[in-house]
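# Structural overview for review
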Amino acid sequence: MIIAGSDNHFPVHIGIIMDGNGRWAKKRMLPRSAGHRAGAEAMRRTCDACRKLGVKYVTFYTFSTENWKRPKDEIDTLMSLFEEYLDKAESFTGKKARILFLGDKSPFPVTLRDRMEELEKNSAAYDSMTIMFAMNYGGRDDIVHAARQIAEYSVKGDISPADVDENLLQGLLYTKGAPDADLIIRTSGEQRLSNFLLWQSAYAELYFTDVLWPDFGEKELKAAIDSFMQRQRRFGGV
Ligand code: FPP
């Protein structure tokens, strides 16, 4: 049985690439929107499972900087789904979870943006668990955004080149104080990171499963954590 804190090797931060909504729908001859809706339910279930198992940090790759290339009707469907689920977010994130959105919020519809800001503000003091939604997120954009802040400090004369180190840059990423990802899960059989948490996954263990995201839940999460707990992590040592 896996219980957080009972073993040094329990993952503190899990990142999840939720892939396969479209294929799940296609297999059932349903529109892609039905796959995304089932995917949102899987995200809700997985939040519950993370809370139950004691996962301290979980990051969901919800919408990438590249997803804007999708057809307009699919983007509109996703935006409505985000609004619907973020409206009831406290019911599945738990009343004491901190919620953060990783990425530039400015391209989102104003009602969605306001809701994202409200959730972040209302949950800022909670520390039992942190749930992060990577929305309009890209790992490269995350690093560029941090580098731009460093350039601004430098222009103002607040820092010199010698002050620029990993700690400084890490603290300026969208994930702010969150620890690096220990485990990255990707569903639907694809085996790549697709610009997710590039800096934060430098030493992450990767877990790929053929399960399509809408079919993911507590059982699959436990299987991923079990696999993680059997691995030897050396962080470049011997
Ligand atoms: C990838 O599947 C999935 C997405 C791009 C969207 C993920 C969003 C959700 C699961 C909804 C979550 C909701 C909230 C509120 C956080 P795909 O469409 O690329 O699947 P395919 O590769 O099979 O076509």
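Structure: see above.
Below, the structure is looked at part by part. Note that this is a predicted model, so its numbers are computed, not measured. (Residues numbered from 1 in each chain as written. Predicted model: local features only at pLDDT ≥ 70, side-chain atom pairs only at ≥ 80, totals over all residues. Heavy atoms only, no water.)

### With respect to the packing of aromatic side chains
For clarity, the cut-off: Any two of the Phe, Tyr and Trp rings considered here, Trp counted by its six-membered ring, make a pair once their centres fall within 6.5 Å; the pair's planes then place it as stacked at under 30 degrees, edge-to-face at over 60, or tilted in between. When a residue's accessible area, from a 1.4 Å probe over protein chains only, is under 20% of the maximum for its type it is buried; when over 50% it is exposed; and in between it is partly exposed. Only lysine NZ and arginine CZ atoms are considered, and such an atom sits over a ring when it is within 6 Å of the ring centre and within 35 degrees of the ring normal.
Considering all chains together, one arrives at 12 aromatic pairs under this definition. Ring centres of Tyr-85 and Phe-92 lie 6.2 Å apart, and the angle between their planes is 55°; this geometry places the pair in the tilted category. Considered together, Tyr-85 and Phe-92 belong to a single accessibility category, that of buried residues. Here the aromatic rings of Trp-213 and Phe-216 are separated by 4.9 Å at their centres, their planes lie at 20°, and the arrangement is stacked. Each member of the pair, Trp-213 as well as Phe-216, is classed as buried. An aromatic cluster is built from Tyr-61, Tyr-137, Tyr-174 and Phe-196, whose rings are joined through pairwise contacts. Over the aromatic face of Tyr-85 sits the side chain of Lys-88, whose NZ or CZ is 4.1 Å from the ring centroid.

### As for the site of the ligand
Condition: Near, as used in this document, describes a residue that has one of its heavy atoms within 4 Å of the molecule or strand being considered. Here a polar contact is recorded for every N or O atom pair within 3.5 Å, except that within protein the pair must consist of a potential hydrogen donor and a potential acceptor, and residues adjacent in sequence are included only if both atoms are side-chain atoms. We get accessible surface area from the Shrake-Rupley algorithm with a probe of 1.4 Å; when it comes to residues, only the shown protein chains can shield them. Here a helix means four or more residues in a row that DSSP labels H or I, a strand means two or more in a row labelled E, and each is numbered from the N terminus.
Among the 18 residues in the neighbourhood of the ligand, the closest are listed as Met-18, Gly-22, Arg-23, Arg-32 and Arg-70. Residue Gly-20 places a main-chain N or O atom 3.4 Å away from an oxygen atom belonging to the ligand. A distance of 3.2 Å separates an oxygen atom of the ligand from a polar backbone atom of Asn-21. Against a free-state accessible area of 630 Å², the protein chains account for coverage of 92% of the ligand. When contributions to the shell around the ligand are tallied by element, the ones reaching two or more residues are helix 1 (21-27), helix 2 (32-53) and helix 3 (72-87).

### A short note on the nonpolar core
Counted only if it meets this: The set of buried Ala, Val, Leu, Ile, Met, Phe, Trp, Tyr and Cys residues whose side-chain atoms join them within 4.5 Å is what this entry labels a nonpolar core.
Counting residues in hydrophobic clusters, the biggest one holds 45 residues, and the most contacted among them are Met-43, Phe-60, Phe-133, Met-135, Ile-185, Leu-221 and Ile-225. Counting residues in hydrophobic clusters, the runner-up holds 14 residues, among them Ile-17, Tyr-61, Tyr-174 and Ile-184.

### Looking at the pattern of salt bridges
For clarity, the cut-off: What makes a salt bridge here is a side-chain nitrogen of Lys or Arg within 4 Å of a carboxyl oxygen of Asp or Glu, nothing more.
All told, the structure shown has 20 salt bridges when counted by the stated rule. Note that Lys-219 is salt-bridged to Glu-220, the shortest N-O span being 3.7 Å. Linked through salt bridges whose partners overlap, the residues forming this network are Asp-19, Arg-23, Arg-186, Glu-190 and Arg-192.

### Observations concerning the packing of helix 3 against helix 5 (residues 110-123)
When two helices pack together, their arrangement is given by the angle between the helix axes and by the axis-to-axis distance. Heads up, the rule is: Throughout, an axis means a line fitted to C-alpha atoms (over the contacting stretch in the case of helices), and angles, computed between N-to-C directions, take values from 0 to 180 degrees. Orientation is classified from the angle alone, with under 35 degrees giving roughly parallel, over 145 giving roughly antiparallel, 65 to 115 giving roughly perpendicular, and any other angle giving oblique. Rotating anticlockwise by less than a right angle from the far helix to the near helix defines a left-handed crossing, while the corresponding clockwise rotation defines a right-handed one. Residues count as neighbours in contact if any of their non-hydrogen atoms are within 4.5 Å of one another. Gly falls in the polar group here, along with every residue not listed as nonpolar (Ala, Val, Leu, Ile, Met, Phe, Trp, Tyr, Cys, Pro) or charged (Asp, Glu, Lys, Arg).
At a minimum axis separation of 10 Å, helix 3 and helix 5 run at an interaxial angle of 30°. Here helix 3 lies roughly parallel to helix 5, going by the angle between them. Crossing geometry of helix 3 relative to helix 5 is assigned as left-handed. Judged by residue contacts, Met-79, Phe-82, Glu-83, Leu-86 and Asp-87 of helix 3 engage Thr-111, Leu-112, Arg-115, Met-116 and Leu-119 from helix 5. Looking at the contact of helix 3 with helix 5 residue by residue, the classes come out as six nonpolar, one polar and three charged.

### Let's talk about the sheet that holds strand 4 (residues 129-137)
The line we're drawing: At least two bridges found by DSSP between two strands are what make those strands a pair.
With parallel pairing, six strands are arranged side by side in an open sheet as 3-4-2-1-5-6. Every interior strand has two partners, whereas the edge strands, strand 3 (97-102) and strand 6 (205-208), have only one. Averaged over all pairs of adjacent strands, the angle between their axes in this sheet comes to 20°, without regard to strand direction. In terms of strand pairing, strand 1 (residues 13-17) meets strand 2 (residues 57-64) through five bridges, oriented parallel. Residue pairing across strands places Ile-17 opposite Tyr-61, the latter belonging to strand 2. Strands strand 3 and strand 4 of the sheet are contacted by helix 5, whose axis makes an angle of about 140° with strand 3.

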